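In case you want the letters, here they are:
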Amino acid sequence: MKTRALAGLAIAAAATVALSGCVQSANASSDSNSDSTSSSDGSTSLTVFISGDTNVQDLWDKSLIPAFEKQHPEIAVHTSIDLHGEHDAQTQANLATAVKAGKTVGYDLVDAGFVTTAGKAGLMTKVSDSAIPNLAAVPTATKQQGGDSAIPYRASSVLLAYDAKKVTNAPKTLDDLLAWIKEHPGQFAYNSPSSGGSGGSFVMTVLAKYLSKSDQTTMQTTYDKSLESKWDKGFATLQDLGPSMYQKGVYPNGNDQVLQLLGSGQIAMAPVWSDQFITAQKSGTIGHDVRFTQITDPTFTGSASYLGIPKTEPAAKKKAAEELADFVLSSKGQQLVAEAVSGYPVIPLDALPKSVSEQFSEADPSKLRLGFQSQFAADMNAAWDAKVPR
């Protein structure tokens, strides 16, 4: 399971490299002056470009698109995927080239980790509540994290999972959690930060406890290695916790191993990814006696996933893409996101069916603390490897 680090991607140089398969077709460009729809009967055809895994494509192909097309029969939607985002740099370079030349690209809505970076580089259309009415319900802080050209549509965060048969009062703050770990030796585990984001989030959160707000913001957005000396107190705390960890200092390899320890009852508490935990409960590998909560002061890390509309999108297609984004942010669309990929809704829980709101009742999707910038995260992982395990 790869680490979910929040990495800022630099927009690549404008050299266009031929890509194969669906990525090549998705990056094709044409004159932006063309405002025609793709069909002679007046219907509009949209392509959602996905940079990610097949579960995200399934979310669109099997859930969101059929429901949207049922409400909007005049709009046909298809998907194109760059699996695991292997060509993200090339995709961004092609997008930059097309925008500079005033040409369109071969897709109309982007679901990718680079949406926020591309938006801040002026490659995506600015969005508004007037064009996408349901965007008004998304918390301001969540929108601000992505910038004014990004549309938040789902989120995930690291949560504190615990076995309710063993834990009657779950910790509410980081200080409570650190005290609980020492009072219950062997009952807590987190994976090594380089092997998975849930363990990485625990380490970042302990380090953040001793950082000022301004230092935290710097480490989330830029890179200044000199600030890493301020991690010393946090690493001392992590070292001190070692004897109280699972088997007096065993750190599982990856997010999945932590879930397995929880599911088998070998530990009583651990940091976990929200979507992985909920999916594990749905599949039965984690029992319903295992629950989750969200700590504070500071919270664990999390982030939203964003959609973007290319800047050179013709007016008719732009309007249709906005209608699709608005549907995704509707109560129905958010319910489908929660059911298909266990993603946090980004609209208020009281706007969703009870079955969905109860699922996320102990989480707060409006408060997602960003993790460290990628270079800081890599340095943190190396420092943890050198200082913590004994």
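Here, every reference points to the structure presented above.
Residues numbered from 1 in each chain as written. Predicted model: local features only at pLDDT ≥ 70, side-chain atom pairs only at ≥ 80, totals over all residues. Heavy atoms only, no water.

Draft legend 1. Highlighting the overall build of the chain. Scanning the chain for helices and strands turns up 15 helices and 9 strands. In the chain, which comprises 390 residues, the proportion classed as buried is 54%. Nonlocal contacts in the chain, meaning residues at least 24 apart in sequence, comprise 78% of its contacts between residues at least 6 apart. Just so you have it, the chain exposes about 16,400 Å², and 50% of that area is on carbon and sulfur atoms. (Helix = DSSP H or I, 4+ residues; strand = E, 2+ residues; numbered from the N terminus. Buried < 20%, exposed > 50% of the residue type's maximum accessible area, 1.4 Å probe, protein only. Contact = heavy atoms within 4.5 Å. Areas by Shrake-Rupley, 256 points an atom, 1.4 Å probe, with all protein chains shown as cover.)

Draft legend 2. Geometry of the pattern of salt bridges. The full count for this structure, using the stated rule, is 13 salt bridges. Here Lys225 and Asp379 are joined by a salt bridge, their closest N and O atoms 3.3 Å apart. With Lys225 in the loop between helix H8 (213-221) and helix H9 (232-241) and Asp379 in helix H15 (residues 374-387), this residue pair connects regions lying 154 residues apart in the sequence. A salt bridge links Lys319 to Glu323, with the shortest nitrogen-to-oxygen separation between them at 2.8 Å. (Salt bridge = Lys/Arg side-chain N within 4 Å of Asp/Glu carboxyl O.)

Draft legend 3. How the structure looks around the layout of surface pockets. Empty space within the second largest pocket amounts to approximately 350 Å³. Taken together, 13 residues make up the lining of the second largest pocket; nearest its centre are Lys213, Gln216, Gln220, Arg369 and Leu370. Here the element with the most residues in the lining of the second largest pocket is H8; it accounts for 5 residues. (1 Å grid on protein atoms, 1.4 Å probe; cavity = no way out; pocket = protein on both sides within 12 Å on 5 of 7 lines; lining within 4 Å. Points joined across faces, edges and corners; volume = space filled by probe spheres on them.)

Draft legend 4. Spotlight on the side chain of Ser244. Mapping Ser244 onto the fold places it in the loop between H9 and helix H10 (255-263). Residue Ser244 is classed as buried on the basis of its relative accessible area of 10%. In this structure, Ser244 is in contact with Ile181, Lys182, His184, Pro185, Gly186 and Gln187, ignoring residues within four places of it in sequence.

Draft legend 5. Quick peek at the environment of Ala170. In this structure, Ala170 sits in the loop between strand E6 (151-163) and helix H6 (174-183). With 99 residues separating them along the chain, Ala170 and Met269 place their C-alpha atoms 9.1 Å apart. Apart from residues lying up to four places away in sequence, Ala170 is in contact with Tyr162 and Thr293.

Draft legend 6. Main features of the side chain of Ser330. Here Ser330 shows up in the loop between helix H12 (315-328) and helix H13 (331-341). Within the local environment of Ser330, its side chain forms a polar contact with the backbone nitrogen of Gly333, the two atoms lying 3.1 Å apart. Residue contacts for Ser330: discarding those within four places in its chain leaves Asn134 and Ile347. (Polar contact = N/O pair within 3.5 Å; in protein donor to acceptor, adjacent residues only side chain to side chain.)

Draft legend 7. Structural detail: H6. Within H6, the full set of buried residues consists of Leu174, Leu177, Leu178, Trp180 and Ile181. Seen end-on, H6 carries its buried residues on one side only, within an arc spanning 160°. Close packing links the buried residues of H6 with E6, helix H7 (197-208), H9 and strand E7 (269-273). (Arc of directions from axis to C-beta.)

Draft legend 8. Representation of the pairing of strand E3 (residues 75-83). By the bridge criterion, 9 bridges tie strand E2 (residues 44-52) to E3 in an arrangement that is parallel. Bridged to Ser45 within E3 is Ala76. Read from E2 through helix H2 (residues 54-71) to E3, the crossover connection turns out right-handed. (Pairing = 2+ DSSP bridges. Right-handed = clockwise from strand over helix to strand, strands pointing away.)

Draft legend 9. Structural detail: the environment of Gln216. The residue Gln216 is located in helix H8 in this model. For Gln216 and Arg369, which are 153 residues apart along the polypeptide, the C-alpha to C-alpha distance reads 9.9 Å. Look past the residues within four positions of Gln216 in its chain and what remains in contact with it is Ala208, Leu211 and Arg369.

Draft legend 10. Quick look at the packing of H9 against H15. As a packed pair, H9 and H15 sit with axes 11 Å apart at the nearest point and diverge in direction by 45°. Between H9 and H15, the crossing angle belongs to the class labelled oblique. Crossing of H9 over H15 shows right-handed handedness. Taken together, the residues of H15 that come into contact with H9 (itself represented by Asp232, Phe235, Leu238 and Gln239) are Met380, Ala383, Trp384 and Lys387. Of the residues in the contact of H9 with H15, the class split is 5 nonpolar, 1 polar and 2 charged. (Axes fitted to C-alpha atoms, helices over the stretch in contact; angles between N-to-C directions. Parallel < 35°, antiparallel > 145°, perpendicular 65-115°, else oblique. Left-handed = near helix turned anticlockwise from the far one by under 90°. Nonpolar A, V, L, I, M, F, W, Y, C, P; charged D, E, K, R; others polar.)

Draft legend 11. Representation of unusual backbone geometry within the structure. A cis geometry characterises the amide bond from Asp297 onward to Pro298, with omega recorded as -5°. Considering the arrangement of structural elements, one finds Pro298 in the loop between strand E8 (290-293) and strand E9 (302-308). Positive phi is not limited to glycine here, since Asp297 has a value of about 55°. For Asp297, a relative accessible area of 59% gives the class exposed. The residue Ser342 is not glycine, and still its phi comes out positive at about 55°. Mapped onto the fold, Ser342 is located in the loop between H13 and helix H14 (354-359). Judged by its relative accessible area of 2%, Ser342 falls in the buried class.

Draft legend 12. Representation of the environment of Gly147 within the structure. By secondary structure assignment, the location of Gly147 is in the loop between helix H5 (140-146) and E6. Since its relative accessible area comes to 22%, Gly147 is described here as partly exposed. A C-alpha to C-alpha distance of 6.7 Å links Gly147 and Lys120, two positions 27 residues apart in sequence.

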